[in-house]
Amino acid sequence: MSKQKMWFDREEDETLEECLERIQRLGYTVVARREKPLFKQVGEEYIPIRQQTQFQGIKNS
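Residues numbered from 1 in each chain as written. Predicted model: local features only at pLDDT ≥ 70, side-chain atom pairs only at ≥ 80, totals over all residues. Heavy atoms only, no water.

### Some points on the side chain of Gln 54
Secondary-structure assignment places Gln 54 in strand 3 (residues 45-59). Separated by 2.6 Å, the side chains of Gln 54 and Asp 9 make a polar contact. Separated by 2.5 Å, the side chains of Gln 54 and Arg 34 make a polar contact. (Helix = DSSP H or I, 4+ residues; strand = E, 2+ residues; numbered from the N terminus. Polar contact = N/O pair within 3.5 Å; in protein donor to acceptor, adjacent residues only side chain to side chain.)

### Details of the packing of aromatic side chains
Scanning the entire structure with this criterion turns up one aromatic pair. Residues Phe 8 and Tyr 28 carry aromatic rings whose centres are separated by 5.2 Å and whose planes lie at 70° to one another, so their mutual orientation is edge-to-face. Within this pair, whereas Phe 8 is found in strand 1 (residues 5-9), its partner Tyr 28 is found in strand 2 (residues 28-42), the two being separated by 20 residues in sequence. Judged by its relative accessible area of 5%, Phe 8 is buried. Seen from the ring of Trp 7, Arg 34 lies directly overhead, with NZ or CZ sitting 3.8 Å from the centre. (Phe/Tyr/Trp six-rings, centres within 6.5 Å; stacked < 30°, edge-to-face > 60°. Buried < 20%, exposed > 50% of the residue type's maximum accessible area, 1.4 Å probe, protein only. Lys NZ or Arg CZ within 6 Å of the ring centre and 35° of its normal.)

### Section: the pairing of strand 3
Sheet faces and side chains relate simply in a regular strand, where the side chains alternate between the two faces. As paired elements, strand 1 and strand 3 share five bridges and run antiparallel to each other. Within strand 3, the residue paired with Lys 5 across the bridge is Ile 58. One ladder, built from 14 bridges, connects strand 2 with strand 3; its direction is antiparallel. Paired with Leu 38 across the two strands is Arg 50, which belongs to strand 3. In textbook terms, the turn of a hairpin is the stretch between consecutive antiparallel strands, and for strand 2 and strand 3 this stretch comprises two residues, one of which, Gly 43, has a positive phi near 65°. (Pairing = 2+ DSSP bridges.)

### Describing the sheet that holds strand 3
The pairing of strands in a sheet comes from backbone hydrogen bonds and takes either a parallel or an antiparallel form. As summarised here, the arrangement of the three strands in space is 1-3-2, forming an open sheet in which the pairing is antiparallel. The open sheet has two edge strands, strand 1 and strand 2, and neither has a second partner. Strand-to-strand twist of the sheet, defined as the mean angle between neighbouring strand axes without regard to direction, takes the value 25°. (Axes fitted to C-alpha atoms, helices over the stretch in contact; angles between N-to-C directions.)

Below, the structure is given as structure tokens:
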């Protein structure tokens, strides 16, 4: 049995359009999006390195 809801991460070398197409090919429809920053610790400081984008999809019937 497959999951009805699932979070998909956008890969570093992937455009938003490519990610959305991949999700559709897997049989899911996007219902939510979230972004969160990724940090790298340098000494005692945290430096933002990139933004991580995730999409939530629900399985098509």
